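Analysis of the macromolecular model
Below are the chains, spelled out letter by letter.
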Amino acid sequence: MSDNVYTVKGMTCSGCMTKVTNAVTSVAGVDDVDIDITTGEVTVLSATPVDGDLVREAINKAGYEVAG
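Position numbers for residues start from 1 in each chain and track the written sequence from start to end. A pLDDT threshold of at least 70 governs which residues receive local features in this predicted model, and a stricter bar of 80 or more applies before side-chain atom pairs are shown or counted, although totals over entire chains, interfaces and linings include all residues. The side-chain values count all of the structure's non-hydrogen atoms but skip hydrogen atoms and water molecules.

1. Focus: the pairing of strand 1 (residues 2-9)
With six bridges connecting them, strand 1 and strand 3 (residues 41-46) associate as antiparallel partners. Paired with Thr7 across the bridge in strand 3 is Glu41. The pairing criterion for strands is at least two bridges between them, as found by DSSP. Starting at the N terminus, helices and strands are each numbered in turn, a helix being any DSSP run of H or I of at least four residues and a strand any DSSP run of E of at least two.

2. Some remarks on the side chain of Ser46
Along the polypeptide, Ser46 turns up in strand 3. Within polar-contact distance, the side chain of Ser46 engages the backbone oxygen of Thr48 at 2.6 Å. Whether two residues touch is decided by their heavy atoms; if any such pair falls within 4.5 Å, the residues are in contact. Setting aside anything within four residues of it in sequence, one finds Ser46 in contact with Met1, Ser2, Gly29, Val30 and Asp31. Under this definition, polar contacts are N or O atom pairs within 3.5 Å; protein pairs additionally need one hydrogen-donor-capable and one acceptor-capable atom, and for neighbouring residues in sequence, both atoms have to be side-chain atoms.

3. Observations regarding helix 1 (residues 14-25)
By this rule the span expected of a helix is its residue count minus one, scaled by 1.5 Å. With 12 residues, helix 1 extends 16 Å from end C-alpha to end C-alpha; this agrees with the ideal 16 Å at 1.5 Å per step. Any residue under 20% of the maximum accessible area for its type is buried, any over 50% is exposed, and the rest in between are partly exposed; the area is computed with a 1.4 Å probe on protein chains only. Among the residues of helix 1, Cys16, Val20, Ala23 and Val24 are the ones counted as buried. For helix 1, the angular spread of the buried residues around the axis is 95°, confining them to a single face. Those residues of helix 1 that are buried lie in contact with strand 2 (30-36), strand 3 and helix 2 (52-61). Taking the helix axis as origin, the arc is that swept by the directions to the C-beta atoms.

4. Examining the sheet that holds strand 3
The antiparallel open sheet is built from four strands, whose spatial order is 2-3-1-4. Looking at strand neighbours, the two that pair on one side only are strand 2 and strand 4 (65-66), the edges of this open sheet. The strands touched by helix 1 within the sheet are strand 2 and strand 3, with strand 2 carrying the most contacts at an inclination of about 155°. For helices, the fitted line uses only the C-alpha atoms of the stretch in contact; every axis is such a line through C-alpha atoms, and the angle between N-to-C directions lies from 0 to 180 degrees.

The analysis is restricted to geometry; functional conclusions fall outside its scope.
Pasting the structure below:
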């Protein structure tokens, strides 16, 4: 199992979490997403490594920004 953590700016509610979850789970290879709304941390879980650029792009298209 592989997991990567991204810090996402601008998530403030459960609706934001849903948008980011839906966007990230649409990336090929992503098995699950765990979001901590208080810290903005998005943990992407996958059986194999997932392209981080595709995850960032999905988050950006959902209207949010990955820090760093």
